Amino acid sequence: MSALVERVRAAQYAVARVSVAPLLVRAGIFVIVFAGFALAFPAEVLSGRPVFLLAMAALLPAFGPRKVWTTFTALVTVGGWLLATDGYGRPVTLWRLLGVAALLYLGHTLCALAALLPYDAMVDPELITRWLARSAAVLLGSAVLGVLLLQATGTGGAAGYQWVTVLGLLVAVGVAVLLGWLLRRR
């Protein structure tokens, strides 16, 4: 019984020490991941029980940014995109594609920031502002470069290519596996 009381006291102490900045970063993770789900999934799926399950899935990386949940929610978002385009016949539009890609990147980078911040960290707001400004610069550069490449190759338009999405996902998984193998090899 004393072990249980000790754990409850430790939990109360930890909750009392939580600071605002790490909580705001984790709340941002939830909002960004859920917005990615809402943009990727078809509107027909976003009603009733599935939206509750997606909200629960969006909470996972906010509570465990160092765990596999960030990758899991990114794969769920890509799965929702594939379901919308292939299963429900939603056309691939550039704004939606850029939006989903931006939300995936923002969710990932906020999880990286949250993984570095303990719950009781006293964080200068300028640190978070600089982190988000760098992320915005990367997103803007990627979007501009992507649109320019689409225009240069002439592949932009109303027709989307399903195989390109699957190939991109396979390349991303392959790079992650390669990086994991290289880290273990050290």
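Everything numeric in this text was worked out from a predicted model, so none of it was measured.

### Things to note about the packing of aromatic side chains
For step 1, the next point in the chain: One pass over the structure, following the stated rule, counts three aromatic pairs.
For step 2, the next point in the chain: An angle of 85 degrees between the planes, with centres 6.2 Å apart, marks the rings of Phe37 and Phe41 as edge-to-face. Of the two residues examined, Phe37 and Phe41, each falls in the buried class.
For step 3, the next point in the chain: Note on Trp69 and Phe72: the rings are 5.8 Å apart at their centroids and 85 degrees apart in plane angle, and the pair reads as edge-to-face. Of this pair, Trp69 and Phe72 both sit in helix α4 (residues 69-87), three residues apart, which is roughly one turn of the helix.
For step 4, the next point in the chain: A cation sits over an aromatic face here: Arg26 above Tyr119, 4.1 Å from the ring centre.

### Things to note about the pattern of salt bridges
For step 1, the next point in the chain: Applying the stated rule across the entire model yields one salt bridge.
For step 2, the next point in the chain: Residue Glu126 pairs with Arg130 through a salt bridge whose shortest N-O separation is 3.1 Å. Placement of both Glu126 and Arg130 in helix α6 (residues 125-153) is noted, with a separation of four residues, approximately one turn of the helix.
For step 3, the next point in the chain: Among the residues examined, Arg130 registers a relative accessible area of 41% and is labelled partly exposed.

### A few points about the nonpolar core
For step 1, the next point in the chain: Val25, Ile29, Phe37, Val123 and Ile128 are the most contacted members of the largest nonpolar core, which has 27 residues in total.
For step 2, the next point in the chain: Counting only elements with at least two residues in this core, the list comes to α2 (20-40), α3 (49-63), α5 (94-116) and α6.
For step 3, the next point in the chain: The residues touching Ile29, leaving out its near neighbours within four places in the chain, are Pro61, Ala62, Leu110, Cys111 and Ala114.

### Details of a nonpolar patch on the surface
For step 1, the next point in the chain: Where nonpolar side chains cluster on the molecular surface, the patch consists of Trp163, Leu167, Val171, Val175, Leu178, Leu179, Trp181 and Leu182 and spans about 800 Å² of accessible area.
For step 2, the next point in the chain: Its location among the elements puts Leu178 in helix α7 (residues 162-185).
For step 3, the next point in the chain: Taking the relative accessible area as the measure of exposure, Leu178 reaches 46% and is therefore partly exposed.

### A word on helix α1 (residues 2-16)
For step 1, the next point in the chain: In this model α1 runs 21 Å from its N-terminal to its C-terminal C-alpha over 15 residues, within 8% of the 21 Å that 1.5 Å per residue would give.
For step 2, the next point in the chain: Counting buried residues in α1 gives zero out of 15 residues, a small share hidden from the surface.

### Focus: the environment of Val33
For step 1, the next point in the chain: Within the element layout of this structure, Val33 appears in helix α2.
For step 2, the next point in the chain: Measuring from C-alpha to C-alpha, the distance between Val33 and Ala62 comes to 9.1 Å, with 29 residues separating the pair along the chain.
For step 3, the next point in the chain: Look past the residues within four positions of Val33 in its chain and what remains in contact with it is Ala58, Pro61 and Thr73.

### A few points about α5
For step 1, the next point in the chain: Over its 23 residues, α5 extends 33 Å from the first C-alpha to the last, a length consistent with the 33 Å expected when each residue adds 1.5 Å.
For step 2, the next point in the chain: Those residues of α5 not exposed but buried are Arg96, Gly99, Val100, Leu103, Leu106, Gly107, Thr109, Leu110, Cys111, Leu113, Ala114 and Ala115.

### Thoughts on the side chain of Arg26
For step 1, the next point in the chain: Take Arg26: it is sitting in helix α2.
For step 2, the next point in the chain: Despite being buried, Arg26 has no salt bridge partner; Asp120 is the closest side chain of opposite charge, sitting 9.3 Å away.
For step 3, the next point in the chain: In terms of polar contacts, Arg26 uses its side chain to reach the backbone carbonyl oxygen of Ala114, at 3.3 Å.
For step 4, the next point in the chain: Apart from residues no more than four positions distant in its own chain, Arg26 is found in contact with Ala62, Phe63, Pro65, Ala114, Leu117 and Tyr119.

Rules behind the numbers
- For every chain, the first residue of its written sequence is number 1, and the numbers climb from 1 along that sequence.
- Local features are withheld for residues below a pLDDT of 70 in this predicted model, meaning they are given only at 70 or higher, and side-chain atom pairs are given and counted only at 80 or more; totals for whole chains, interfaces and linings count all residues.
- Calculated side-chain values reflect all of the structure's heavy atoms, with hydrogen atoms and water omitted.
- Between 30 and 60 degrees the pair is tilted, below 30 it is stacked and above 60 it is edge-to-face, where a pair is any two Phe, Tyr or Trp rings, Trp via its six-membered ring, whose centres lie within 6.5 Å.
- Categorising residues by exposure relies on relative accessible area from a 1.4 Å probe, with only protein chains included: less than 20% of the type maximum marks a residue as buried, more than 50% marks it as exposed, and the intermediate range marks it as partly exposed.
- For the purposes of this entry, the term helix denotes a DSSP run of H or I that reaches at least four residues, the term strand denotes a run of E that reaches at least two, and both are numbered from the N terminus.
- Both a distance and an angle decide whether a charge sits over a ring: NZ of Lys or CZ of Arg must be within 6 Å of the ring centre and within 35 degrees of the ring normal.
- Salt bridges, as used here, are contacts in which a Lys or Arg side-chain nitrogen is within 4 Å of a carboxyl oxygen on Asp or Glu.
- Throughout this description, the term nonpolar core refers to a set of buried Ala, Val, Leu, Ile, Met, Phe, Trp, Tyr and Cys residues connected via side-chain atoms within 4.5 Å.
- Here, two residues are considered to be in contact whenever any of their heavy atoms come within 4.5 Å of each other.
- Each patch groups residues whose relative accessible area exceeds 30% and which form no salt bridge, using 9 Å between like charges and 5 Å between nonpolar side chains of Val, Leu, Ile, Met, Phe, Trp and Tyr.
- To be clear on the numbers: accessible area is Shrake-Rupley with a 1.4 Å probe, and residue cover counts the displayed protein chains and nothing else.
- To estimate the expected span of a helix, count its residues, drop one, and scale the result by 1.5 Å.
- In this tally, Lys and Arg are treated as positive and Asp and Glu as negative; His is ignored, and so are the chain termini.
- Identification of polar contacts relies on pairs of N or O atoms within 3.5 Å, with a donor-acceptor requirement for protein atoms, meaning one able to donate a hydrogen and the other able to accept it, and with residues adjacent in sequence counted only if both atoms are side-chain atoms.

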